[in-house]
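Chains, contacts and geometry: an overview
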Amino acid sequence: MADTISWVATVATIIAASMTAANLGSRITGYGFCVFLAGSLSWLAAGLLTGQPALTWTNIVLTVLNIFGIWRWLGRQTKVEEGARSASEASEQTPGEALFPISLLTNAAVISGSTELGHCIDAMAGCSSGRLSYVVVSQGGVAGVGETLRRLPWSSARVEGEAVVAQVSTDEFASLEELQRDQWPAR
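Below you will find a few notes about this structure. (Residues numbered from 1 in each chain as written. Predicted model: local features only at pLDDT ≥ 70, side-chain atom pairs only at ≥ 80, totals over all residues. Heavy atoms only, no water.)

**Thoughts on the overall build of the chain**
Helices and strands together make up the secondary structure of the chain, namely four helices and seven strands. For the chain, the succession of helices and strands along the chain, N to C, is α-α-α-β-β-β-β-β-β-α-β. Its C-alpha radius of gyration of 22 Å places the chain more than 25% over the 16 Å reference for a compact globule of 187 residues. A principal-axis box enclosing the C-alpha atoms of the chain has dimensions of 65 × 40 × 35 Å. For the chain, the residues scored as buried account for 33% of the 187 residues in total. Working note: accessible area of the chain is about 11500 Å², and carbon and sulfur atoms make up 59% of it. (Helix = DSSP H or I, 4+ residues; strand = E, 2+ residues; numbered from the N terminus. Rg over C-alpha atoms; globule rule 2.2 N^0.38 Å. Buried < 20%, exposed > 50% of the residue type's maximum accessible area, 1.4 Å probe, protein only. Areas by Shrake-Rupley, 256 points an atom, 1.4 Å probe, with all protein chains shown as cover.)

**Notes on the pairing of strand E6 (residues 163-166)**
Residues of E6 alternate between two faces, with Ala-163 and Val-165 on one and Val-164 and Ala-166 on the opposite face, all of them buried. With three bridges joining them, strand E1 (residues 109-112) and E6 adopt parallel strand pairing. The residue bridging Ile-111 from the neighbouring strand is Val-165, located in E6. Taken together, the four bridges between strand E5 (residues 157-160) and E6 define a ladder with antiparallel strand orientation. Residue Arg-158 lies in a different strand from E6, and its bridge partner there is Val-165. (Pairing = 2+ DSSP bridges.)

**Remarks on the packing of helix H1 (residues 2-21) against helix H2 (residues 26-50)**
Packed helices, taken two at a time, are described by the angle their axes make and the gap between the axes. Interaxial distance between H1 and H2 falls to 8 Å at its minimum, and their mutual angle equals 155 degrees. It follows from the interaxial angle that H1 and H2 lie roughly antiparallel. Viewed along their axes, H1 and H2 form a crossing whose handedness is left-handed. Of the residues assigned to the contact of H1 with H2, the class counts are 18 nonpolar, nine polar and no charged. (Axes fitted to C-alpha atoms, helices over the stretch in contact; angles between N-to-C directions. Parallel < 35°, antiparallel > 145°, perpendicular 65-115°, else oblique. Left-handed = near helix turned anticlockwise from the far one by under 90°. Nonpolar A, V, L, I, M, F, W, Y, C, P; charged D, E, K, R; others polar.)

**Considerations on the nonpolar core**
Counting residues in hydrophobic clusters, the biggest one holds 17 residues, and the most contacted among them are Leu-105, Val-110, Val-135, Leu-152 and Val-164. Of all elements in the fold, only strand E2 (115-125), strand E3 (132-139) and E6 reach the threshold of two or more residues within this core. Ranked by the residues each element gives to this core, the list is headed by E2, at three residues. Contacts of Val-135, omitting those with residues within four sequence positions, involve Leu-105, Cys-120, Asp-122, Ala-123, Arg-150, Arg-151, Leu-152 and Trp-154. Formed by five residues, the second largest nonpolar core is a distinct cluster that contains Ala-16, Phe-33, Leu-37 and Ile-70. (Core = buried A, V, L, I, M, F, W, Y, C linked by side-chain atoms within 4.5 Å. Contact = heavy atoms within 4.5 Å.)

**Structural notes on the environment of Leu-105**
Position of Leu-105 among the secondary structure elements: in the loop between helix H3 (53-91) and E1. Spatially, the C-alpha atoms of Leu-105 and Val-11 are 33 Å apart, while their sequence positions differ by 94 residues. If we ignore the near neighbours within four places in the chain, the residues touching Leu-105 are Phe-100, Cys-120, Ile-121, Asp-122, Ala-123, Leu-132, Val-135, Trp-154 and Val-164.

**Some details on the packing of H2 against H3**
Interhelical geometry of H2 versus H3 gives an angle of 165 degrees and a closest axis separation of 8 Å. As far as their axial angle goes, H3 and H2 are roughly antiparallel. Seen along the crossing, H2 lies across H3 with a hand that is left-handed. When grouped by side-chain class, the residues that make up the contact of H2 with H3 number 17 nonpolar, twelve polar and three charged.

**Thoughts on the sheet that holds E2**
Taken in spatial order, the seven strands make up an open sheet running E5-E6-E1-E2-E3-E4-E7, and their pairing is mixed. Two strands in the sheet have a free side with no partner beyond their single neighbour: E5 and strand E7 (178-179).

**Some words on the pattern of salt bridges**
Applying the stated criterion across every chain, the model contains six salt bridges. Between Arg-151 and Glu-177 there is a salt bridge whose closest N-O contact spans 3.5 Å. Highlighted residues: Arg-151 in strand E4 (residues 148-153) and Glu-177 in the loop between helix H4 (170-174) and E7, separated in sequence by 26 residues. Looking at Glu-177, the relative accessible area reads 41%, which means it is partly exposed. Measuring nitrogen to oxygen at the nearest pair gives 2.3 Å for the salt bridge that ties Arg-158 to Glu-160. On the basis of relative accessible area, Arg-158 is assigned to the partly exposed category, the value being 32%. Judged by its relative accessible area of 41%, Glu-160 is partly exposed. Here the residues in one salt-bridge network are Arg-27, Lys-79 and Glu-82, joined through shared partners. (Salt bridge = Lys/Arg side-chain N within 4 Å of Asp/Glu carboxyl O.)

Next comes the structure, spelled out in structure tokens:
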């Protein structure tokens, strides 16, 4: 029985770690914590069945942390994202400039026409003015390995829905400044 439970715990922990490490949004991360909870409860049961107090106590603590993770990602963060989405949609119906959540600039697809150029990973803005200077776009690679970072000036971009639209051709994008991972331009 303990062997079966430990295999369930192992599989659940691997799946949950993959879900949370992928950083595919608050819902996936939240569900990752749900799977982590199943894993920690299984490890807790295995620890109790086999008389391993270190395994038992470790998973009591991990169970509490997983419950916190579920609240954080499926409760609080999802509500924050829904609030931002609601404000963005409402701003489209009011006079003046439409708004978008700045958090979009940490994961939005960057497109030009119908071509996906990459994904935003960050943006740089003025401390006093709040004006965006540029967004950093990750292109290529897998999970950050082998990617190329490019500086897309905000004057050449706009937000449409959940994407950043680059107002440059794919060839122009390919010729944009390539950034080193740890050395971005100050201006």
